[in-house]
Amino acid sequence: MPGFSNILGQEAVKDHLKKAIEYHKVSHAYILTGEKGMGKKMLANAFALSLLCEKGGSEPCMQCHSCRQVLSGNHPDLIYVTHDKPASIGVEDVRNQINDTIAVRPYNGGYKIYIVDEAEKMTVQAQNALLKTIEEPPSYAVILLLTANEDAFLPTILSRCVQLKLKPLKDSAVKEYLLETMGVKEQDADVYAAFARGNLGKAIHLASSEEFKLMHSEMLYLLKSLKDMDITDILDFIKKLREEEVDLYECLDFMQLWYRDVLMFKVTKDVNLMIFKDQYTAINEISKNSGYDGLENILEAIDKARVRLNANVNTELVLELMLLVMKEN
């Protein structure tokens with residue numbers, strides 16, 4: 001469990017939380033918003049660790065009794081709200097774990113902290129139960145709601161919480177982390193960083209995902225062979241993708257990045273701007289043989305395929321139509 005200094009990026013959020021500690025302006029309720037993998041839990045834990053640290057600074061000392069309790073998961077004043085139902089956090093969860101215990105003063109320190117992960121899963125009844133606590137909290141209480149979707153909260157909850165939004169990291173920062181911390185090869189780091197779109201947690205997951213490696217190799221084979229494939233080959237390939245249960249949305253993302261590289265190289269002739277630098281020969285060949293209109297048609301076909309998959313149109317038909325457009329252009 002790191003302190004603020006060990007968290008990559010999110011400078012604005014870190015700065016806000018550290019200043020709140022330094023100037024003794026800690027609010028009673030916060031909403032941290034960001035997609036899964038962006039570091040909401042790490043930030044909440046670093047904030048809790050700093051608030052409970054006996055040294056009282058904006059960075060935890062990691063040495064005092066209180067810090068050691070937090071790090072071992074045994075601090076009595078740090079409560080992680082859990083829920084039995086995977087799809088929802090019910091009114092009883094809020095009552096039993098927050099409302100019924102919040103009046104008990106902290107055991108050893110100035111704060112009692114509640115962290116609610118996936119807080120968007122709170123039912124309306126659960127939110128209303130929490131609202132009463134947020135409206136009149138004890139002076140020592142801090143409630144951290146972590147969410148991927150703040151729109152799921154009642155306006156009354158939103159208006160009473162400090163809202164902090166996590167921002168995607170730069171691809172270069174994600175790539176640097178993969179290279180230096182995980183020892184990922186440079187050409188792979190470029191792909192993972194592009195796919196993760198600034199989400200470090202997602203990039204780390206992709207770097208160790210066998211499913212992603214399989215999809216990567218299947219897509220490279222397809223994109224380099226498509227011009228020589230006939231309709232039977234295309235249908236066989238689609239069948240293979242379905243049998244291997246490859247994530248089709250990731251396939252579409254991959255194709256989009258590939259043709260973005262083709263288009264970028266056609267315009268600039270600059271290999272350094274490419275994501276798939278190690279595929280320079282194939283991308284150069286495709287860019288020579290494709291017109292700008294054709295590449296626009298392909299990118300449009302990929303977008304249409306995504307919309308059709310979302311609308312539950314027959315998967316094989318969606319992929320077949322898209323691949324035929326790609327082959328023709």
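Just so you know, these numbers come straight off a predicted model, no measurement behind them. (Residues numbered from 1 in each chain as written. Predicted model: local features only at pLDDT ≥ 70, side-chain atom pairs only at ≥ 80, totals over all residues. Heavy atoms only, no water.)

**Regarding unusual backbone geometry**
In the Ramachandran plot, His24 falls in the positive-phi region, its phi being about 55° despite a non-glycine side chain. Among the structural elements, His24 can be located in the loop between helix H1 (11–22) and strand S1 (29–33). Overall, the relative accessible area of 66% leaves His24 in the exposed class. For Arg197, which is not a glycine, the phi torsion comes out positive at approximately 50°. Following the sequence through the fold, Arg197 ends up in the loop between helix H8 (186–196) and helix H9 (200–207). (Helix = DSSP H or I, 4+ residues; strand = E, 2+ residues; numbered from the N terminus. Buried < 20%, exposed > 50% of the residue type's maximum accessible area, 1.4 Å probe, protein only.)

**What to know about the sheet that holds strand S5 (residues 162–165)**
Pairing in this open sheet of 5 strands is parallel, and the strands run S2-S3-S4-S1-S5 from one edge to the other. Only two strands of the sheet have a single partner each, and these edge strands are strand S2 (78–81) and S5. Going across the sheet, the axis of each strand differs from the next one's by a mean of 20°, ignoring polarity. Lying on the sheet, helix H2 (residues 40–52) is in contact with S1, S2, strand S3 (112–116) and strand S4 (141–147); it crosses S4 at an angle near 170°. Seen against the sheet, helix H4 (residues 91–99) touches S2, S3 and S4 and runs at an angle of roughly 175° to S2. (Pairing = 2+ DSSP bridges. Axes fitted to C-alpha atoms, helices over the stretch in contact; angles between N-to-C directions. Contact = heavy atoms within 4.5 Å.)

**A few points about the pattern of salt bridges**
Inspection of the entire model under this criterion finds 19 salt bridges. Taking the shortest distance from any N to any O, the salt bridge between Asp253 and Arg197 comes out at 3.8 Å. In this pair, Asp253 sits in helix H12 (residues 248–268) while Arg197 sits in the loop between H8 and H9, placing the two residues 56 residues apart along the sequence. The salt bridge partner of Glu218 is Lys240, with a shortest N-O separation of 2.9 Å. Within this pair, whereas Glu218 is found in helix H10 (residues 210–225), its partner Lys240 is found in helix H11 (residues 231–243), the two being separated by 22 residues in sequence. The class for Lys240 is partly exposed, based on a relative accessible area of 38%. A single network of salt bridges, built from pairs that share partners, joins Lys175, Glu186, Asp190 and Lys277. (Salt bridge = Lys/Arg side-chain N within 4 Å of Asp/Glu carboxyl O.)

**Considering the nonpolar core**
Grouped together as the largest cluster of nonpolar side chains are 57 residues, with contacts concentrated most on Met219, Met255, Trp258, Tyr259, Met322 and Met326. The residues touching Tyr259, leaving out its near neighbours within four places in the chain, are Leu223, Ile286, Leu295, Ile298, Leu299, Ile302 and Met326. Counting residues in hydrophobic clusters, the runner-up holds 30 residues, among them Ile7, Leu17, Leu32 and Leu49. (Core = buried A, V, L, I, M, F, W, Y, C linked by side-chain atoms within 4.5 Å.)

**Regarding the layout of surface pockets**
Empty space within the largest pocket amounts to approximately 520 Å³. Elements that contribute at least two residues to the lining of the largest pocket include exactly H2, S4 and H9. Its volume calculated, the second largest pocket comes out at about 260 Å³. Along its surface, the second largest pocket is lined by 15 residues, and Leu223, Lys227, Tyr259, Ile286 and Ser290 are the ones closest to its centre. Sorting the residues of the lining of the second largest pocket by element identifies H10, helix H13 (280–289), helix H14 (292–310) and helix H15 (315–328) as the ones contributing at least two each. Considering every element that reaches the lining of the second largest pocket, the biggest residue donor is H13, with 4 residues. For the lining of the second largest pocket, the residue count by class is 8 nonpolar, 3 polar and 4 charged. (1 Å grid on protein atoms, 1.4 Å probe; cavity = no way out; pocket = protein on both sides within 12 Å on 5 of 7 lines; lining within 4 Å. Points joined across faces, edges and corners; volume = space filled by probe spheres on them. Nonpolar A, V, L, I, M, F, W, Y, C, P; charged D, E, K, R; others polar.)

**Thoughts on the environment of Asp228**
Inspection of the secondary structure puts Asp228 in the loop between H10 and H11. Overall, the relative accessible area of 60% leaves Asp228 in the exposed class. Once residues lying within four places of it in the same chain are set aside, the contact partners of Asp228 are Asp233 and Lys327.

**Looking at H12**
A turn of α-helix holds 3.6 residues, and therefore any two residues three or four places apart point the same way. In this model, H12 (21 residues) spans 30 Å end to end at C-alpha, consistent with the 30 Å of a helix rising 1.5 Å per residue. Burial analysis of H12 places 15 of its 21 residues in the buried class, which makes it a mostly covered element. You can read the cap of H12 off the contacts: a side-chain oxygen lies 2.9 Å from the backbone nitrogen of Tyr249, and it is on Asp247. Downstream of H12 by one or two residues, Lys269 has phi in the positive range, about 60°. (Expected span 1.5 Å × (residues − 1). Polar contact = N/O pair within 3.5 Å; in protein donor to acceptor, adjacent residues only side chain to side chain.)

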